[in-house]
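# Architecture and fold: a report
What follows is each chain in one-letter form.
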Amino acid sequence: MTLDTENLCILTGNANPKLARDVAAHIGVELCNAYVGHFNNGETQVMIDESVRGKDVFIIQPTCQPVNDSLMELLIMVDACKRASANNITAVVPYYAYARQDRKTRGREPISAKLVANLMATAGVNRVITVDLHAGQIQGFFDIPVDHLAAVPVLADYLSKKELQDVVVVSPDLGGVTRARKLADRLQAPIAIIEKRRPKPGCAEVMNLIGDVKGKTAVMIDDIVDTAGSLCEAAKALSNMGVKSVYACCTHAILSDPAVQRIEDSTIEQLIITNSIPLPKDKESKKIVTLSIADALGDAIVRIFTRQSVSQLFDK
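Keep in mind the model is a prediction, meaning the values are calculated, not measured. (Residues numbered from 1 in each chain as written. Predicted model: local features only at pLDDT ≥ 70, side-chain atom pairs only at ≥ 80, totals over all residues. Heavy atoms only, no water.)

## What about the UniProt feature "binding site: D-ribose 5-phosphate" (unreviewed entry) in the chain?
Operational definition: UniProt positions are given in the numbering used here, feature names are shortened, and annotations may be inferred rather than shown by experiment. Under the scheme used here, helices are H or I runs from DSSP no shorter than 4 residues and strands are E runs no shorter than 2 residues, and both carry numbers assigned from the N terminus. By definition, residues are in contact when any of their heavy atoms lie within 4.5 Å.
UniProt annotation of "binding site: D-ribose 5-phosphate" (unreviewed entry) refers to Arg-198, Asp-222, Asp-226, Thr-227, Ala-228, Gly-229 and Ser-230 when read in the numbering used here. Note on placement: Asp-222 falls in strand β11 (residues 217–225). Once residues lying within four places of it in the same chain are set aside, the contact partners of Asp-222 are Pro-172, Asp-173, Arg-179, Cys-249, Cys-250 and Thr-251. As for its placement among the helices and strands, Ala-228 is situated in the loop between β11 and α6 (229–240). Not counting residues within four places of it along the chain, the set of residues in contact with Ala-228 comprises Ala-259, Arg-262 and Ile-263.

## Details of empty space enclosed by the protein
Definition in use: Of the two site types, the cavity is a set of points on a 1 Å grid over the protein atoms alone where a 1.4 Å probe fits but cannot get out, and the pocket is an open set with protein on both sides within 12 Å along at least five of seven lines, each lined by residues with an atom within 4 Å of a point. Grid points are joined across faces, edges and corners, and a volume is the space filled by probe spheres set on the points. Three residue categories are used. Nonpolar comprises Ala, Val, Leu, Ile, Met, Phe, Trp, Tyr, Cys and Pro, charged comprises Asp, Glu, Lys and Arg, and polar comprises the others, including Gly. Domains are outlined according to an automatic or database domain assignment.
Counted according to the given criterion, the structure contains two cavities of 30 Å³ or more. Estimated volume of the largest cavity: approximately 40 Å³. Taken together, Val-131, Leu-149, Ala-150, Ala-151, Val-154, Ile-293, Ala-296 and Leu-297 make up the full set of residues lining the largest cavity. The residue inventory of the lining of the largest cavity, partitioned by class, reads eight nonpolar, no polar and no charged. Its boundaries defined by the atoms lining it, the second largest cavity holds a volume of some 40 Å³. Every residue along the wall of the second largest cavity is listed here: Tyr-95, Tyr-96, Ala-99, Asp-132, Leu-133, His-134, Asp-223, Ile-224 and His-252. Of the residues that constitute the lining of the second largest cavity, the class distribution is five nonpolar, two polar and two charged. Counting residues domain by domain, the lining of the second largest cavity receives three or more from each of domain 1 (8–149 + 294–313) and domain 2 (152–285).

## Side note on the pairing of strand β12 (residues 245–253)
Under the convention used in this document: Each residue is assigned to one of three classes by its accessible area relative to the maximum for its type, calculated with a 1.4 Å probe on protein chains only: buried under 20%, partly exposed between the two thresholds, exposed over 50%. Two strands are counted as paired when DSSP detects at least two bridges linking them. The path from the first strand over the helix to the second decides the hand: if it runs clockwise while the strands point away from the viewer, the crossover is right-handed.
In terms of residue burial, β12 counts as a mostly covered element, since nine of its nine residues are buried. As paired elements, β11 and β12 share eight bridges and run parallel to each other. Its bridge partner being in β12, Thr-217 is matched across the sheet by Ser-245. Taken together, β11, α6 and β12 constitute a β-α-β crossover, and its handedness is right-handed.

## Regarding the domain arrangement of the chain
Stated formally: In the sections that follow, a salt bridge refers to a side-chain nitrogen of Lys or Arg positioned within 4 Å of a carboxyl oxygen of Asp or Glu.
Domains assigned within the chain are domain 1 (8–149 + 294–313) and domain 2 (152–285). Of note, the centres of domain 1 and domain 2, computed from C-alpha atoms alone, are 28 Å apart. Counting residues at the interface gives 15 residues for domain 1 and 13 residues for domain 2. On the surface where domain 1 and domain 2 come into contact, there are one salt bridge. A salt bridge links Arg-100 to Asp-226; its shortest N-O distance comes to 3.1 Å.

## Considerations on unusual backbone geometry
Each neighbour pair has its own omega, and for Gln-65 with Pro-66 the value is -10°, a cis peptide bond. On the secondary structure map, Pro-66 appears in the loop between β4 (56–60) and α2 (67–83). Residue Glu-163 is not a glycine yet carries a positive backbone phi of 55°. With respect to the secondary-structure elements, Glu-163 resides in the loop between α4 (152–162) and β8 (167–171). Exposure remark for Glu-163: the relative accessible area of 61% places this residue in the exposed category. Residues other than glycine seldom take positive phi values, yet Leu-255 does so here, at roughly 55°. The residue Leu-255 is located in the loop between β12 and α7 (259–265) in this model.

## Regarding the layout of surface pockets
Looking at the second largest pocket, its volume works out to about 200 Å³. Surrounding the second largest pocket, Asn-16, Lys-18, Leu-19, Asn-275, Ile-277, Pro-278, Leu-279, Glu-284, Ser-285, Ile-288 and Thr-290 form its lining. Looking at the lining of the second largest pocket, the elements that each hand over two or more residues are α1 (17–27) and β14 (288–291). Within the lining of the second largest pocket, the residues separate by chemical class into five nonpolar, four polar and two charged.

The structure is reproduced here in structure tokens:
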């Protein structure tokens with residue numbers, strides 16, 4: 001089927017323009033012309049240089065570092081499209097910032113993940129596409145449709161081609177068991193679960209291991225790697241428990257300092273990430289492999305644009 005792209009517009013901010021170009025190339029269209037920069041006083045400036053009247057607009061903008069700049073660029077681009085009479089505006093946000101602030105754990109704390117959802121809807125977003133939310137329940141924070149894609153198919157395809165032997169998929173915490181099970185099903189491998197506690201933010205202690213890992217190749221999977229502290233501690237614990245080797249998969253690689261150095265010094269043989277967040281040159285490592293989710297995002301965009309089911313992508 002030939003795709004009629006006359007009423008399709010794909011925009012990007014400065015968060016991850018390469019991903020946007022790759023998505024557009026997969027679909028077979030050019031990015032719409034737009035300027036996203038700053039005024040002299042630091043305020044975000046957006047100028048869309050072609051008509052979006054009556055078009056279905058997809059704005060590809062993960063809210064990664066600098067988080068607040070990326071978020072404001074997204075909101076202002078949405079407002080510009082809304083005021084230019086776009087038909088539908090879909091925010092393609094592979095990495096959803098503030099997702100870890102999804103509940104109150106003590107008094108007088110915000111639920112920032114809900115606030116960001118409100119901001120997007122208020123700005124004029126009609127639909128959201130995202131990948132591996134930190135908590136799936138965040139979909140309920142939106143009063144607009146949310147298509148929640150998973151990176152597991154991309155990760156599983158890469159791992160299958162490596163032909164690893166005696167694989168066990170390890171969830172680094174109890175909350176990630178569902179994600180680990182999905183990867184394990186694709187690799188036809190058993191799972192294990194690490195029980196850990198966090199005595200303070202950014203610090204994790206391994207308490208127990210549920211499952212058999214001795215003599216196996218451990219593949220840990222998580223949604224976010226930030227400082228890599230808990231990931232490296234889990235890898236160390238697995239090594240002490242007799243695994244042959246340790247691989248780690250994470251969808252969103254924030255890699256705040258000193259994450260890269262920790263990974264370099266750890267027992268992790270390879271950290272497999274996606275390009276939901278761009279990897280800066282100064283954070284590249286021989287241990288880090290980046291996989292592209294551009295095709296998956298492009299397929300979702302095409303299905304939404306042509307009014308087809310997106311849920312069929314979840315079974316691929």
